[in-house]
Amino acid sequence: MKQLVIKTEQIMINNTLRGLFRNSKTNKDLSKYKNVFFVSDDNFICDYLMSGVYANNNKVYDSVTYVNSGAKSQYRQNTLNEFEIPEITTDEFLKINTDNNLVFFFVDTTSLQSVQNTLSALQTVKTVLSKNKKSRCIVTALLPKIEYFPTEATSLAEREFNFFIEKECETTPEIDYYLQIEKICRGFVRDNDLNLTLLRFDNVFAPDRFHTPSFDLENLIDECVNSKEVKITDDDDKYVSTITYIRDAAYSVFHSAFKGVKGHTYNIAQHKKTKADIKRTIFSCFPEDFSISEKLSAKKFRKYNCLNCLVFSKLKIVNVSSFNIAMKHTVSYLSNNVN
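No experiment lies behind these values; they were computed from the predicted model shown.

(A) Spatial organisation of the nonpolar core. Formed by 69 residues in total, the largest nonpolar core has its most connected members in Phe-38, Leu-49, Tyr-61, Phe-104, Phe-254 and Ile-282. Residue contributions to this core peak at 8 residues, all from helix H10 (residues 246-259). Beyond its immediate sequence surroundings of up to four residues, Phe-104 is in contact with Val-36, Phe-37, Phe-38, Val-39, Leu-49, Ile-138, Val-253, Phe-254 and Ala-257. Judged by nonpolar contacts, the second largest core, of 44 residues, contains Val-67, Leu-143, Leu-156 and Ile-175.

Laid out in structure tokens, this is it:
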């Protein structure tokens, strides 16, 4: 049953990408590049997107290849084995002399055990892109835990977010790591004129994988599933965060390769949600399986740590899944209950 849920997600992502590959205008943009490379640490967006691109390639690209930067992941290995995706080392990648390469580089800034390998791989990407100015790189960063804003702001745009984490957030190794990645990417564009775009995601989830540093989504779902009760209290309604489902995350990353602007950084997020909102969605998806109780006071004061995605929205990359569908699939996976 669990495998069925994951297979469904892969099929839906494949179908969404297939629409891009079959669209004549988009297909022309896609065919600008001859070879596609995926480089990643344990960022799980890579796994879902890589399998979708490989499944839909159909000779648009000469090759779709995974570059092993030394990150160990059983999920990644399963993806490579299932889809028989070719794999090379970073040393082999460094020797690439093909023109018009499209590189998707993924980093999870909470994954501190792979910092050196990831930074080394990023320098390798710079060398490969420098060989041909028609090549392009999309760097996708999963952000670390960010404090809730102390002001009345409900979301922060790209530059505001930078100022906040550099000047107002308490320093952590994860935040320092992210800032280092961003500084390197800016240098690649400014000093080397590389065609690079940086994407930021804060909270992202799939049925089987979670990067939700703002709150523990997997534990929230497990508590509801184990108790068969959705309990909503004031604590669940205090904090608002942005969150994105894997279908939209994968689609946004791929589409950004053709719609994103060189040198730009984009905040990407799909929904603004409190834990109370999420719990209500769980109940609405499975009203026969859960009871619900709400104990909320009339007074409302909320704190936010949301990404403002107005700049990204101007690229007109649409959402491809609803939050209800996202939660239904995720709860089904975690509870072994597929309807």
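(B) A look at the sheet that holds strand S6 (residues 196-201). In spatial order, the strands read S3-S2-S1-S4-S5-S6-S11; together these 7 strands make up an open sheet with parallel pairing. Only two strands of the sheet have a single neighbouring strand rather than two, namely strand S3 (87-89) and strand S11 (265-268). Taken over all neighbouring pairs, the strand axes of this sheet differ in orientation by 25° on average, direction set aside. Note: strand S1 (residues 35-40) against strand S2 (residues 63-68), 5 bridges, orientation parallel.

(C) Spotlight on the packing of aromatic side chains. Scanning all chains against the criterion turns up 14 aromatic pairs. Note on Phe-37 and Phe-93: the rings are 5.0 Å apart at their centroids and 50° apart in plane angle, and the pair reads as tilted. Note that Phe-37 is positioned in strand S1 and Phe-93 in helix H5 (residues 90-94), a separation of 56 residues in sequence. Using a relative accessible area of 1% as the deciding quantity, one classes Phe-93 as buried. Pairing Phe-38 with Phe-104 gives two aromatic rings, centres 5.2 Å apart and planes at 20°, and the pair type is stacked. Note that Phe-38 is positioned in strand S1 and Phe-104 in strand S4 (residues 101-108), a separation of 66 residues in sequence. For the pair shown, Phe-38 and Phe-104 are each scored as buried.

(D) Up close: the side chain of Thr-109. You can see Thr-109 is positioned in the loop between S4 and helix H6 (115-130). At 2.6 Å, the side chain of Thr-109 forms a polar contact with the backbone oxygen of Leu-142. Residues contacting Thr-109, with those up to four places away along its chain left out, are Leu-142, Leu-143, Pro-144, Glu-174, Tyr-177 and Tyr-178.

(E) Structural context of the pairing of strand S5 (residues 136-142). The element S5 is extensively covered by neighbouring structure, given that 7 of its 7 residues are classed as buried. Across the two faces of S5 the burial is the same, with Arg-136, Ile-138, Thr-140 and Leu-142 and Cys-137, Val-139 and Ala-141 all buried. The sheet contact formed by S4 and S5 spans 7 bridges and is parallel. Paired with Phe-104 across the bridge in S5 is Ile-138. In terms of handedness, the path from S4 via H6 over to S5 forms a crossover that is right-handed. In this structure, S5 lies alongside S6, joined through 6 bridges in parallel fashion. By the bridge assignment, Cys-137 is partnered in S6 with Leu-196.

(F) Highlighting the packing of helix H9 (residues 217-227) against helix H13 (residues 323-335). Two numbers describe how H9 lies on H13: the axes approach to 10 Å, and their chain directions differ by 65°. In terms of axis orientation, H9 runs roughly perpendicular to H13. For H9 against H13, the interelement crossing comes out right-handed. Contacts from Leu-217, Glu-218, Ile-221, Asp-222 and Val-225 in H9 reach Met-327, Thr-330, Val-331, Leu-334 and Ser-335 in H13.

(G) Spotlight on the pattern of salt bridges. Summed over all chains, the structure comprises 15 salt bridges. With its nearest N and O atoms 2.8 Å apart, the salt bridge here joins Arg-186 to Glu-182. Remark: Glu-182 and Arg-186 occur in helix H8 (residues 173-192); sequence separation between them is 4 residues, near one turn of the helix. When its relative accessible area of 41% is taken as the criterion, Arg-186 is described as partly exposed. When salt bridges that share partners are traced, they join Asp-42, Asp-47, Arg-76 and Arg-209 into one network.

(H) View of H8. Under the 1.5 Å per step criterion, the end-to-end length of H8 is 27 Å for 20 residues, consistent within 8% with the ideal 28 Å. Contact partners of the buried residues in H8: S4, H6, S5, helix H7 (158-168) and S6.

What counts, and where the lines are drawn
Residues numbered from 1 in each chain as written. Predicted model: local features only at pLDDT ≥ 70, side-chain atom pairs only at ≥ 80, totals over all residues. Heavy atoms only, no water. Core = buried A, V, L, I, M, F, W, Y, C linked by side-chain atoms within 4.5 Å. Buried < 20%, exposed > 50% of the residue type's maximum accessible area, 1.4 Å probe, protein only. Helix = DSSP H or I, 4+ residues; strand = E, 2+ residues; numbered from the N terminus. Contact = heavy atoms within 4.5 Å. Pairing = 2+ DSSP bridges. Axes fitted to C-alpha atoms, helices over the stretch in contact; angles between N-to-C directions. Phe/Tyr/Trp six-rings, centres within 6.5 Å; stacked < 30°, edge-to-face > 60°. Polar contact = N/O pair within 3.5 Å; in protein donor to acceptor, adjacent residues only side chain to side chain. Right-handed = clockwise from strand over helix to strand, strands pointing away. Parallel < 35°, antiparallel > 145°, perpendicular 65-115°, else oblique. Left-handed = near helix turned anticlockwise from the far one by under 90°. Salt bridge = Lys/Arg side-chain N within 4 Å of Asp/Glu carboxyl O. Expected span 1.5 Å × (residues − 1).

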